[in-house]
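So you can see what is in the structure, the chains are spelled out below.
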Amino acid sequence: MDVTNLAAHYDLAPLDLDAVTARLDAGLSQAPGSGGPDRHTCWLTTVDADGAPHVTGIGALWAEGAVWFETGATTRKARNLARDARCALAVATHDFDLVMEGTAARVSDPEAVARRASEWAAGGWPCRVDETGTALTADFSAPSAGPPPWHVYRVEVRSMTAVATVEPGGATRWAL
């Protein structure tokens, strides 16, 4: 792993990747007042067909060392990822702002889909695995998710950049 201290100019130590991943392991609730500036909205950036960035808010999970999200097959983000799997996610926590870059892949393993459904349900979104066993359904989702079924995606994170938002400060990039 390559570590770049982006705040060395200010004589600040690199941030601790274990502390960043521990915070991610603790979860990123989207309930108002639960963190970040007021809550933890994850922002997913994909690449449009013309090369332009497309940014949209998503409900994401950090599990098994990766970022997971769901969306319908006809959404812009799903179409973009089918063409070009590169993406970036950004989230604000109380202690740091974080950008993760990587590649997304649609997950069809029923056990993995069921684990994510269970985690989303425990977090307040009452989703469930659909009859195929490889996608999700629920009585509601974010309007940007499109209609069900919602497919689960796993983002293999290749790099992270964190900027501390509390003292003593700092900024670090990790190439994983």
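Residues numbered from 1 in each chain as written. Predicted model: local features only at pLDDT ≥ 70, side-chain atom pairs only at ≥ 80, totals over all residues. Heavy atoms only, no water.

A.B. asks: Where do I start with the nonpolar core in this structure?
C.D. replies: Soluble, globular proteins show a tendency: their nonpolar side chains are buried together. Grouped together as the largest cluster of nonpolar side chains are 28 residues, with contacts concentrated most on Leu98, Met100 and Met160. Breaking this core down by element, the ones donating at least two residues are α1 (17–25), β2 (42–47), β5 (66–72), α2 (76–83), β6 (86–92), β7 (96–107) and β10 (150–164). The element best represented in this core is β10, accounting for 6 residues. Non-local contacts of Met100, meaning those with residues more than four positions away in its chain, are made with Leu24, Trp62, Val67, Cys87, Ala88, Leu89, Val157, Ser159 and Met160. (Core = buried A, V, L, I, M, F, W, Y, C linked by side-chain atoms within 4.5 Å. Buried < 20%, exposed > 50% of the residue type's maximum accessible area, 1.4 Å probe, protein only. Helix = DSSP H or I, 4+ residues; strand = E, 2+ residues; numbered from the N terminus. Contact = heavy atoms within 4.5 Å.)

A.B. asks: Just to check I follow, could you spell out the state of the cysteines for this structure?
C.D. replies: Simply put, the disulfide is a covalent bond whose two ends are the sulfur atoms of two cysteines. For the structure shown, the criterion picks out 0 disulfides. Just so you know, Cys42 is unpaired, no disulfide at all, and the nearest cysteine sulfur is the one on Cys87, 12 Å from it. According to the relative accessible area criterion, Cys87 is buried, its value standing at 7%. (Disulfide = S-S within 2.5 Å.)

A.B. asks: Just checking my understanding: could you explain the pairing of β7 for this structure?
C.D. replies: Side chains on a regular strand alternate between the two faces of the sheet. As defined by bridge partners, β6 adjoins β7 across 7 bridges and the pair is classed as antiparallel. Looking across to β7, one finds that Val91 is bridged to Leu98. Of the pairings in the sheet, the one linking β7 to β10 comprises 12 bridges and is antiparallel in character. By the bridge assignment for β10, Arg106 is matched with Tyr153. (Pairing = 2+ DSSP bridges.)

A.B. asks: I would appreciate a short explanation of the side chain of Thr46 in the present structure.
C.D. replies: Looking at where Thr46 falls in the secondary structure, it is placed in strand β2. Polar side-chain contacts of Thr46 include one of 2.9 Å to the side chain of Asn80. Sequence-distant contacts of Thr46, defined by excluding residues within four places in its chain, comprise Ala52, Pro53, His54, Lys77, Asn80, Leu81, Arg86 and Cys87. (Polar contact = N/O pair within 3.5 Å; in protein donor to acceptor, adjacent residues only side chain to side chain.)

A.B. asks: Even after reading the chapter, I still don't get the pattern of salt bridges, so can you show me in this structure?
C.D. replies: Close approach of charged atoms allows side chains with opposite charge to pair. Evaluated as defined, the whole model comprises 8 salt bridges. The salt bridge partner of Glu64 is Arg116, with a shortest N-O separation of 3.2 Å. With Glu64 in the loop between β4 (61–63) and β5 and Arg116 in helix α3 (residues 110–122), this pair connects stretches of sequence that are 52 residues apart. The class for Glu64 is partly exposed, based on a relative accessible area of 47%. The exposure class of Arg116 is buried, given its relative accessible area of 1%. Put simply, Glu156 and Arg158 hold a salt bridge, and the shortest N to O gap is 3.3 Å. Among the charged side chains, a network of salt bridges with common partners joins Glu64, Arg115, Arg116 and Glu119. (Salt bridge = Lys/Arg side-chain N within 4 Å of Asp/Glu carboxyl O.)

A.B. asks: How should I be thinking about the environment of Asp97 in this particular structure?
C.D. replies: Relative to the elements of secondary structure, Asp97 occurs in strand β7. On the basis of relative accessible area, Asp97 is assigned to the partly exposed category, the value being 34%. Separated by 53 residues in sequence, Asp97 and Leu44 place their C-alpha atoms 14 Å apart.

A.B. asks: Sorry, what's going on with the side chain of Thr41 here?
C.D. replies: Following the sequence through the fold, Thr41 ends up in the loop between α1 and β2. The residues touching Thr41, leaving out its near neighbours within four places in the chain, are Gly57, Ala90 and Val91.

This is a description of form; function is not addressed.
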